[in-house]
Amino acid sequence: MFRSGSKILVLSISLSLLVFLSLSVRAQEMKEAATLYNAAAQTFKQNPVQALKSVEQSIKICEALNTDESNNLKATALKLLPKVHVGIAGNLYKEKKVEESLAELRKAVAIAKENKDAAGENYAVGTLANVLYRESITSLKLKAYDKAIAMANESFSYKEKSVDPLLVIAEAQDSLKQYEQMLATYEKGLEIAKATNNLQRMTDMRIKATNYLKRESQNLQDKKKYDDAVQLLNRSVRIDERDAEVYSALAVCFKAKNESDSVIYNVELALKNAPLTMDKTQLFFLKAQALQAQGKKEDACLAYKEAAVGSFKESAEHQMKEVLKCK
């Protein structure tokens, strides 16, 4: 009995020793994983490449251990990964390795998404969007218009409330003579700028879009294509309903089309929105002509009186004295 009991005792001690040794090894591995993670967390800004090796090794050990403690450390380490890749991207960008830098940033975004790390994703996405926007401007200056559009589009896809990339896209489209696309880009940007109350960008886009439309409508007027000119000017009104120059141009077009009601309507809108510095004599002259065509003598006389200054003085006075016999 003694001998049999001794065998059982020895076996029990051996199993206990194995369990103890196994736990010791696991504890040592867990300690190593924690050390690797801590090293990465402390150095990823200064040496992100080495930090990446450390954190990846830490994650690998944690996966092998597969305990509650190791899984918690793994989750923490996974949240460090996007920051490490952003750090690597920053160093590559300083070395002017733009494509490699962008690849690291895209990797950071993908890792954060995969691990449902909202904070990491926002950080990586913001950095990626900014770099893409910066590079789109560089491409624009280098006249690499297609590349500028591609980069600005990707930047915008990450930050859809930012209209700055749309300005780059529109300018590149203008250079490529893609005018319809350019106008659509400005109109899209205006909607976003209005929704976000970005008054500066609203002003920028309105000016650029309406200047193009007014310029093109004038070319059409010179070719006597008044219907086409009116179409462009009406589009300009939808972009900026306070532009007196657009209403003035519309009045000129409708005068050429002998549509006196439309002339008067647009003159009134032009006068309503005209800045103090705007010369209004042409507007009054157009209004007077339209009223005269409608047989409204007294109203026409009053309008001609307002127009009888500057370059329209002689013509207005002739109509008042010789044609209408105004009192």
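See the structure printed just above.
Calculation rules
Residues numbered from 1 in each chain as written. Predicted model: local features only at pLDDT ≥ 70, side-chain atom pairs only at ≥ 80, totals over all residues. Heavy atoms only, no water. Disulfide = S-S within 2.5 Å. Helix = DSSP H or I, 4+ residues; strand = E, 2+ residues; numbered from the N terminus. Expected span 1.5 Å × (residues − 1). Buried < 20%, exposed > 50% of the residue type's maximum accessible area, 1.4 Å probe, protein only. Contact = heavy atoms within 4.5 Å.

Asks: Any chance you could explain the state of the cysteines here in plain terms?
Replies: Linking two cysteines covalently via their sulfur atoms produces the bond known as a disulfide. In this structure the tally under the stated criterion is one disulfide. What pairs with Cys301 in a disulfide is Cys326, and their sulfur atoms sit 1.9 Å apart. Taking the sign of the S-S torsion, about -85° here, the bridge from Cys301 to Cys326 comes out left-handed. With a gap of 25 residues between them, Cys301 in helix α14 (residues 297–307) and Cys326 in the segment after α15 (313–323) connect regions that are remote in the sequence.

Asks: What should I look at first to understand helix α3 (residues 68–94) in this one?
Replies: Residues spaced three or four apart along an α-helix face the same direction, because each turn holds 3.6 residues. Given a rise of 1.5 Å per residue, 27 residues ought to cover 39 Å, and the 40 Å separating the end C-alpha atoms of α3 matches this to within 8%. Count one or two residues on from α3 and you reach Lys96, which has phi positive near 65°.

Asks: Can you walk me through the environment of Glu191 in this structure?
Replies: Tracing the backbone shows Glu191 in helix α8 (residues 179–195). Judged by its relative accessible area of 58%, Glu191 falls in the exposed class. When the C-alpha atoms of Glu191 and Ile239 are compared, they prove to be 9.8 Å apart, with 48 residues separating the residues in sequence.

Asks: Whenever I open this one, helix α5 (residues 118–141) confuses me. Can you help?
Replies: Over its 24 residues, α5 extends 35 Å from the first C-alpha to the last, a length consistent with the 34 Å expected when each residue adds 1.5 Å. Considering only its buried residues, α5 is in contact with α3, α4 (98–114), α6 (145–158) and α7 (164–175). Lys143 occupies a position one or two residues after α5 and carries a positive phi of about 65°.

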